[in-house]
Amino acid sequence: KQLLSRIQEHKSLALAAIDALKEAAAELDRTVEDFAAAPSEPFEKYPPHEDFLKLKGLLNMPVQGTITGTFGPYRNPRFNVENFRSGIEIKAEKGDPVRAVCKGSVLYAQWFQNYGNMLIIDHGKGYYTVYAHAEELFKAKGDPVESGEVIATVGDTGSMAGCTLYFEIRLRGKPINPAEWIKKS
């Protein structure tokens, strides 16, 4: 009875954590959609070196590591719960450098519930990249960013999977599959 009780308690805690992650993902969706809808400074202040759309399939990974979580629906095998991942999770060592995948301007650089330290970069024409679970952020809101520039370090802030970088690409606030944009190696 005690073992069954502990298992049920563990399952209910895990399901509550999954619900919290779903709510945090919905809040991130609202935040990025607000950025997309709000009038912003003319991007010409920090013009991209080329149209982001032309970089599809050519972007470097934001960190050296292994993709451990893919974009799209997935099922938690332990609790048989389905969820949706709006980006990819890249397993890396704590402190590894995180690099901007393209030139842009920082829209957000601070803590975000269940995502930890997070950066959102505007690349113009409705394209944004999101970098989460960082240990340290080296950029602040409004800062220009160069392609390949170190913007953060890998951490485990807000992560339930240990040291990982959570990475998204969004178009006009909606997530798109980053794997289609990253150079195949």
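Please refer to the structure placed before this passage.
These numbers come from a predicted model, not from an experiment.

Looking at where D51 falls in the secondary structure, it is placed in the loop between α1 (2–37) and β1 (66–69). For the pair D51 and Y127, spaced 76 residues apart in sequence, the C-alpha to C-alpha distance is 9.8 Å.

On to the nonpolar core. F52, Y131, I151 and F167 are the most contacted members of the largest nonpolar core, which totals 27 residues. Elements supplying a minimum of two residues to this core: β4 (88–91), β7 (116–124), β8 (127–137), β10 (150–154) and β11 (164–171). Excluding anything up to four places from it in sequence, F52 contacts L59, C102, H123, Y127, T129, I169 and W181. A24, V32, Y108 and V130 belong to the second largest nonpolar core, which has 13 residues in total.

Our next topic: the pattern of salt bridges. This structure, assessed with the given rule, holds 8 salt bridges. Between E89 and R85 there is a salt bridge whose closest N-O contact spans 3.8 Å. When sorted by exposure, E89 lands in the same class as R85, which is buried. Linking K139 and E149 is a salt bridge whose minimum nitrogen-to-oxygen distance equals 2.7 Å. A residue pair is termed long-range when its members are at least 10 positions apart, and K139 in the loop between β8 and β9 (144–145) and E149 in the loop between β9 and β10 qualify at 10 residues. On the basis of relative accessible area, K139 is assigned to the buried category, the value being 17%. By relative accessible area, E149 is classed as partly exposed at 24%.

What follows covers the side chain of R170. Along the polypeptide, R170 turns up in strand β11. There is a polar contact of 2.8 Å between the side chain of R170 and the backbone oxygen of G173. Apart from residues no more than four positions distant in its own chain, R170 is found in contact with L28, D29, V32, S86, G126, Y127, Y128, P175 and I176.

Criteria and cut-off values
- Residues numbered from 1 in each chain as written.
- Predicted model: local features only at pLDDT ≥ 70, side-chain atom pairs only at ≥ 80, totals over all residues.
- Heavy atoms only, no water.
- Helix = DSSP H or I, 4+ residues; strand = E, 2+ residues; numbered from the N terminus.
- Core = buried A, V, L, I, M, F, W, Y, C linked by side-chain atoms within 4.5 Å.
- Buried < 20%, exposed > 50% of the residue type's maximum accessible area, 1.4 Å probe, protein only.
- Contact = heavy atoms within 4.5 Å.
- Salt bridge = Lys/Arg side-chain N within 4 Å of Asp/Glu carboxyl O.
- Polar contact = N/O pair within 3.5 Å; in protein donor to acceptor, adjacent residues only side chain to side chain.

Take it as geometry only, folks, not as evidence of what the structure does.
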